[in-house]
Amino acid sequence: MGSESGRGSRKKPAEKPNMTRRAVLIGGGAAVVGGGIWAEEEIRRLWRGMPWVRPPRKEGELDFAGAQWVSANAANWRLAWRPDDYEIDRVVIHVVQGSYATALKVFRDPLHKAATHYVVRKDGHVAQMIREYDVAYHCGNRSYNERSIGIEHEGFVDRPKDLTDAMYAGSARLTADICARHGIPVDREHIVGHVEIPGTDHTDPGPHWDWDRYMKLVGEALPEAKRAAEARKA
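Reading guide: rules and limits
- Residues numbered from 1 in each chain as written.
- Predicted model: local features only at pLDDT ≥ 70, side-chain atom pairs only at ≥ 80, totals over all residues.
- Heavy atoms only, no water.
- Helix = DSSP H or I, 4+ residues; strand = E, 2+ residues; numbered from the N terminus.
- Buried < 20%, exposed > 50% of the residue type's maximum accessible area, 1.4 Å probe, protein only.
- Contact = heavy atoms within 4.5 Å.
- Areas by Shrake-Rupley, 256 points an atom, 1.4 Å probe, with all protein chains shown as cover.
- Salt bridge = Lys/Arg side-chain N within 4 Å of Asp/Glu carboxyl O.
- Phe/Tyr/Trp six-rings, centres within 6.5 Å; stacked < 30°, edge-to-face > 60°.
- Lys NZ or Arg CZ within 6 Å of the ring centre and 35° of its normal.
- 1 Å grid on protein atoms, 1.4 Å probe; cavity = no way out; pocket = protein on both sides within 12 Å on 5 of 7 lines; lining within 4 Å.
- Points joined across faces, edges and corners; volume = space filled by probe spheres on them.
- Nonpolar A, V, L, I, M, F, W, Y, C, P; charged D, E, K, R; others polar.
- Pairing = 2+ DSSP bridges.
- Axes fitted to C-alpha atoms, helices over the stretch in contact; angles between N-to-C directions.

Draft legend 1. Molecular detail of the overall build of the protein. On a plain count of helices and strands, the protein comes out with 5 helices and 11 strands. For the protein, the proportion of its 234 residues judged to be buried stands at 50%. Of the contacts made within the protein by residues no fewer than 6 positions apart, 73% connect residues no fewer than 24 positions apart. In the form shown here, the protein has an accessible surface area of approximately 11,400 Å², with 54% of it arising from carbon and sulfur atoms.

Draft legend 2. Highlighting the pattern of salt bridges. A complete count under the given rule lists 16 salt bridges for this structure. Lysine 122 is the partner of aspartate 162 in a salt bridge, and the nearest nitrogen-oxygen pair spans 3.2 Å. Linking aspartate 162 in the loop between β10 (148-153) and α4 (165-182) with lysine 122 in the loop between β7 (118-120) and β8 (126-128), this pair joins segments that are 40 residues apart in sequence. Relative accessible area serves as the criterion here: at 30%, lysine 122 is assigned to the partly exposed category. Between lysine 233 and glutamate 230 there is a salt bridge, and its shortest N-O distance comes to 3.7 Å. In this pair, lysine 233 and glutamate 230 both sit in helix α5 (residues 211-233), 3 residues apart, roughly one turn of the helix.

Draft legend 3. A look at the packing of aromatic side chains. Scanning the model with the defined rule gives 6 aromatic pairs in all. Judged by centre distance (4.2 Å) and plane angle (25°), the ring pair of tryptophan 81 and tyrosine 133 falls under stacked. Linking tryptophan 81 in the loop between β5 (77-78) and β6 (90-93) with tyrosine 133 in the loop between β8 and β9 (135-136), this pair joins segments that are 52 residues apart in sequence. By relative accessible area, tryptophan 81 is classed as buried at 14%. Residue tyrosine 133 is classed as partly exposed on the basis of its relative accessible area of 24%. Above the ring of tyrosine 144, the side-chain terminus of arginine 147 is found at 5.1 Å from the ring centroid. Cation over ring: arginine 188 sits above tryptophan 211, and NZ or CZ is 3.7 Å from the ring centre.

Draft legend 4. Region of the structure containing the layout of surface pockets. The space that makes up the second largest pocket amounts to roughly 240 Å³. As for the second largest pocket, its lining consists of Leu62, Asp63, Arg82, Pro83, Arg131, Glu132, Tyr133, Arg181, His182, Ala229, Arg232 and Lys233. Those elements that place two or more of their residues in the lining of the second largest pocket are α4 and α5. At 3 residues, the largest contribution of residues to the lining of the second largest pocket is made by α5. Across the lining of the second largest pocket, the residue classes break down as 4 nonpolar, 1 polar and 7 charged.

Draft legend 5. Structural view of unusual backbone geometry. Cis peptide bonds are those with omega within 30 degrees of zero, and the linkage from arginine 82 to proline 83 qualifies with 5°. Positionally, proline 83 belongs in the loop between β5 and β6. A cis amide bond links aspartate 204 with the next residue in sequence, proline 205, at an omega value of 15°. Here proline 205 shows up in the loop between β11 (191-193) and α5. One non-glycine residue, glutamine 97, lies in positive phi territory at about 60°. Summarising the element assignment, glutamine 97 is placed in the loop between β6 and α2 (100-107). For lysine 113, which is not glycine, the phi torsion reads 65° and is therefore positive. Within the secondary structure, lysine 113 sits in the loop between α2 and β7.

Draft legend 6. Layout of the sheet that holds β10. Taken in spatial order, the 6 strands line up as β4-β8-β7-β10-β6-β11 in an open sheet, and their pairing is mixed. Because the sheet does not close on itself, it has two edges, and the strands there are β4 (68-69) and β11. Set on the sheet, α2 makes contact with β4, β7, β8 and β10; between it and β7 the angle comes to about 165°. Here α5 sits on the sheet and contacts β6 and β11; the angle it forms with β11, its principal contact strand, is near 150°.

Draft legend 7. Just the environment of lysine 233, in detail. Given the relative accessible area of 64%, lysine 233 is considered exposed. In this structure, the C-alpha to C-alpha distance between lysine 233 and arginine 181, residues 52 residues apart in sequence, is 9.8 Å.

Right, dumping it as structure tokens:
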């Protein structure tokens, strides 16, 4: 697990400072922000991110049809309107270093300052805790938080028995569904482990995570996920 602020890691990664929206002066297709000039597309992105521009949310709505809604505390994520304000092009795989119940508990704790969009149990059951529109604090890297969807898995990195067949299968269906809906390529550049995030000191999903097996399962689940995504659009 990791946080946007770095609280979830042992060291705080270097991050680009966020532009303060109250400093934006819109006019003439550009904005003056702290003396700098921002392009028109940046203004559109910021405007789409304003609370009054976002469509209304319904508590308990799901992005992945097979999930159970369990809301993370609002201190562990921030409102956005992805992919309009930030492109989603990564899925990040985590292992919680604990049980499914522990993950739900800490992600609902406002002092934890970190959460993932989804948590997968050993039997393959999926909980969604944050909407995919929104930015979860899970990578310890602001840029990757903004561009990614995080999936936590029950278990410990040094216990291969925790990585069950049912967990692999359930997680692969979820990742295939995410990739189908957001147009994310199913490859190891776009489906990554927490350990691979720049600036992190986390090691999950660990040496026992079978990437070849997982990517094969995601690929096998992708055609059905694409059909489901097209049916939702129809």
